[in-house]
Amino acid sequence: MLNAQNSFMIKLEENITEQNEKRFEMGKINRTYIYIIDTLKALFELGLIILLIYLIKNNVITVAIAVALFNYKSGIMTLVMQHISSYLELAKNFNISCDRVFSILDNKDFAKEKFGNEHLEDINGNFEFKNVTFGYNENKKVLDNINFKIHSGELVGFVGKSGVGKTTIFNLLCKMYSIQSGEILIENININELDEDSIRGNMTIISQNPYIFNLSIRDNLKLVKEDLTDEEMYNACKIACLDKFIEGLPNKYDTIVGEAGVILSGGQKQRLAIARAFVQKTKIILFDEATSSLDNETQSEIQKAISNLKNEYTILIIAHRLSTIVNCNKIMIVEEGKISDSGTHEELINRNCTYQVLCQTEMMK
Ligand code: ADP
């Protein structure tokens, strides 16, 4: 559908060429070994012939014994050389495998996640970014000395153009990446000191494309809470406005949703992910444009549900549709790697040009 066959064929051809070049290099090394081994074998045979002639001349052995010895020894030599060459081949392959394994163990290929030892059982949902600077690579800062504080139970919206770093803020809060400078504090403790469970066990991200497993709806929810009761499951699906849809399915909550939730629409997948977050009941819930593929009616129902949770959970929402965040306690405007302004919808619409433009663009849609 992308009409991209040519690009894929070019990439395939590049890969085949690269593989052939590597194979040629290996062949060259192999031939060098064979050459060395054949030379050694020839030298050995020459030495043996000289020794046997010397022994015949001095009447130590007869010609017949010399011939028999020569055949026997050169046979053994061939065998020894063959073994040496196959061991060298094995050693070479072994080295290549070791290089690959060690480059993973030494974090050269993939950075290993590092966590601290401090454990927080239950958090209230307070956190702070203090002079945080971060870039995915050294040349380009995505967040530049960013500062903000979120209090427990707040509903906070993040707005800004695409690519300004909103999702990055969420990624850093979940410690998907380590920051270059500054501090991220959860309940006043530096995130680097907290163990994995204290960070990941206390927050949920509902992303634009949530991953739904090839299991039943019930089991997709049970993944995050093994002892999930039917009542909890019905409630979560009701809050996520998914209950009516599930009741209409032939096997209701036991319907298998297919690979990556193939039988569900984009909006239904998001609602199932929202239900999963409500089952998990983590103190911090992060919505990354999670309501973008919902129709207006479903979206407003979910907004109501989010508002109902307002004081119980700390909820952060990245939204393209500003209607999702007008009721937030605080809206942060992200621009050029910084929080350029923050306030309520009413405050920002009166004083902030970027926010006014975003609102106007939305009204024109
Ligand atoms: P937003 O959510 O505001 O649209 P993001 O936080 O997703 O923006 O991205 C901010 C910048 O970081 C963009 O320029 C994007 O291309 C870059 N970026 C995002 N994720 C990665 C990544 N995993 N590796 C490298 N660059 C990334």
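Details of the structure are given in the entry above.
What counts, and where the lines are drawn
Residues numbered from 1 in each chain as written. Predicted model: local features only at pLDDT ≥ 70, side-chain atom pairs only at ≥ 80, totals over all residues. Heavy atoms only, no water. Near = heavy atom within 4 Å. Polar contact = N/O pair within 3.5 Å; in protein donor to acceptor, adjacent residues only side chain to side chain. Areas by Shrake-Rupley, 256 points an atom, 1.4 Å probe, with all protein chains shown as cover. Nonpolar A, V, L, I, M, F, W, Y, C, P; charged D, E, K, R; others polar. Pairing = 2+ DSSP bridges. Helix = DSSP H or I, 4+ residues; strand = E, 2+ residues; numbered from the N terminus. Contact = heavy atoms within 4.5 Å. Axes fitted to C-alpha atoms, helices over the stretch in contact; angles between N-to-C directions. Salt bridge = Lys/Arg side-chain N within 4 Å of Asp/Glu carboxyl O. Buried < 20%, exposed > 50% of the residue type's maximum accessible area, 1.4 Å probe, protein only. Core = buried A, V, L, I, M, F, W, Y, C linked by side-chain atoms within 4.5 Å. Expected span 1.5 Å × (residues − 1).

Y136, K140, V142, K161, S162, G163, V164, G165, K166, T167, T168 and Y177 make up every residue found near the ligand. The separation between an oxygen atom of the ligand and a polar main-chain atom of K166 is 2.9 Å. Within the contact set of the ligand, an oxygen atom lies 2.4 Å away from a side-chain nitrogen or oxygen of T168. For the ligand, the accessible surface in isolation is 560 Å², of which the surrounding protein chains cover 60%. Taken together, the residues of the shell around the ligand sort by class into four nonpolar, five polar and three charged.

A few words now on the sheet that holds strand β1 (residues 127–134). Within a sheet, adjacent strands bond to each other through the backbone by hydrogen bonds, running parallel or antiparallel. An order of β2-β1-β4-β5 is seen for the four strands of this open sheet, with the pairing classed as antiparallel. Lying at the two open borders of the sheet, with one neighbouring strand each, are β2 (143–150) and β5 (189–190). Where helix α3 (residues 166–173) meets the sheet, its contacts fall on β1, β2 and β4 (181–186), and the angle it forms with β1 comes to roughly 115 degrees.

Right, let's talk about the pattern of salt bridges for a bit. By the definition in use, this model includes twelve salt bridges. Close ionic contact of K28 with E25 constitutes a salt bridge, the shortest N to O distance being 3.7 Å. Residue K28 and its partner E25 are both found in helix α1 (residues 5–57); the two are separated by three residues, about one turn of the helix. Taking the relative accessible area as the measure of exposure, K28 reaches 40% and is therefore partly exposed. One salt bridge in this structure joins K141 and D144, with 3.7 Å as the shortest N-O distance. The exposure class assigned to D144 is partly exposed, which follows from its relative accessible area of 26%.

The next point concerns the nonpolar core. Among the nonpolar cores identified, the biggest contains 42 residues, and L221 and I315 are the most heavily contacted of them. Setting aside its immediate chain neighbours within four residues, I315 contacts E154, L155, V156, I285, F287, I306 and L309. Counting 32 residues, the second largest nonpolar core, distinct from the first, contains F170, C174, I189 and I191.

With 43 residues, helix α2 (residues 63–105) should cover 63 Å at 1.5 Å per step; its first-to-last C-alpha distance of 62 Å lies within 8% of that length. Within the span of α2, buried status applies to A66, S74, M77, M81, K92, C98 and S103. Tucked inside the fold, the buried residues of α2 contact α1. Looking at the residues trailing α2, positive phi occurs at N107, about 60 degrees.

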